[in-house]
Amino acid sequence: QVRLVESGGGLVQAGGSLRLSCSASGIASSITVSGWARQAPGKQREGVATITSGDYSTHANSVKGRFFISRDNAKNTVYLQMNSLKPEDTAVYYCYAAVAGSYYWGQGTQVTVSS
């Protein structure tokens, strides 16, 4: 069974940085696309960033220039470096991965940015 586990969330002041990690286990084939999404209270889940197996990445306009997604295929891990954090970045951040045509999601990690 595919499992994704996020880590690295926490409380940080505005302007600070956090690095989220997502480790995958139980994969029987390569991960074609992985990424991050977030959901703030009262809002819909929003895509944050994606990265392909070829390391092509995209980022939402709201985080472009501040957040950077990367992956380490050997470790089956995807990262989200979050810089210049703003209070509006406060949300639960979820990792996802596409494996053999199916999408899998982690449980999420809370990121809270105080002003």
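Before reading on, note that the structure itself is shown above.
This is a predicted model, so every value here is computed, not measured. (Residues numbered from 1 in each chain as written. Predicted model: local features only at pLDDT ≥ 70, side-chain atom pairs only at ≥ 80, totals over all residues. Heavy atoms only, no water.)

**Student:** I keep staring at the overall build of the protein chain and nothing clicks. Help me out?
**Tutor:** Secondary structure summary: the protein chain contains zero helices and eleven strands in total. Taking 2.2 N^0.38 as the reference for a compact globule, 115 residues should give roughly 13 Å; the C-alpha atoms of the protein chain span a radius of gyration of 13 Å, in line with that estimate. Its C-alpha atoms give the protein chain principal-axis dimensions of about 45 × 25 × 25 Å. Evaluated residue by residue, the protein chain yields a buried proportion of 41% over its 115 residues. Total accessible area on the protein chain stands at roughly 6200 Å², and carbon and sulfur atoms take up 48% of it. Distance between charge centres in the protein chain, computed from 10 positive and 6 negative side chains, equals 1 Å. (Helix = DSSP H or I, 4+ residues; strand = E, 2+ residues; numbered from the N terminus. Rg over C-alpha atoms; globule rule 2.2 N^0.38 Å. Buried < 20%, exposed > 50% of the residue type's maximum accessible area, 1.4 Å probe, protein only. Areas by Shrake-Rupley, 256 points an atom, 1.4 Å probe, with all protein chains shown as cover. Lys, Arg positive; Asp, Glu negative; His and termini not counted. Charge placed at Lys NZ, Arg CZ, Asp CG, Glu CD.)

**Student:** How should the layout of surface pockets be read in this particular structure?
**Tutor:** Left-over empty space is what a probe sized like a water molecule reveals as it rolls over the atoms. Taken as a whole, the largest pocket encloses approximately 170 Å³ of empty space. In terms of lining, the largest pocket is formed by 17 residues, of which the most central are I31, R71, N73, N76 and T77. Where the lining of the largest pocket is concerned, the elements lending two or more residues are β3 (18–25), β4 (31–39), β7 (67–72), β8 (77–82) and β9 (91–99). When residues in the lining of the largest pocket are grouped by element, the largest group, three residues, is from β9. Looking at the lining of the largest pocket, its residues break down into nine nonpolar, six polar and two charged. (1 Å grid on protein atoms, 1.4 Å probe; cavity = no way out; pocket = protein on both sides within 12 Å on 5 of 7 lines; lining within 4 Å. Points joined across faces, edges and corners; volume = space filled by probe spheres on them. Nonpolar A, V, L, I, M, F, W, Y, C, P; charged D, E, K, R; others polar.)

**Student:** Looking at this structure, how should I read the state of the cysteines?
**Tutor:** What the rule picks out here adds up to one disulfide. Two residues share a disulfide in this structure: C22 and C95, whose sulfurs sit 2.1 Å from each other. One quick way to see it: the torsion about the S-S bond of C22 and C95 is about -85 degrees, and its sign makes the bridge left-handed. Separated by 73 residues along the polypeptide, C22 in strand β3 and C95 in strand β9 bring together distant segments of the chain. Relative accessible area serves as the criterion here: at 1%, C95 is assigned to the buried category. (Disulfide = S-S within 2.5 Å.)

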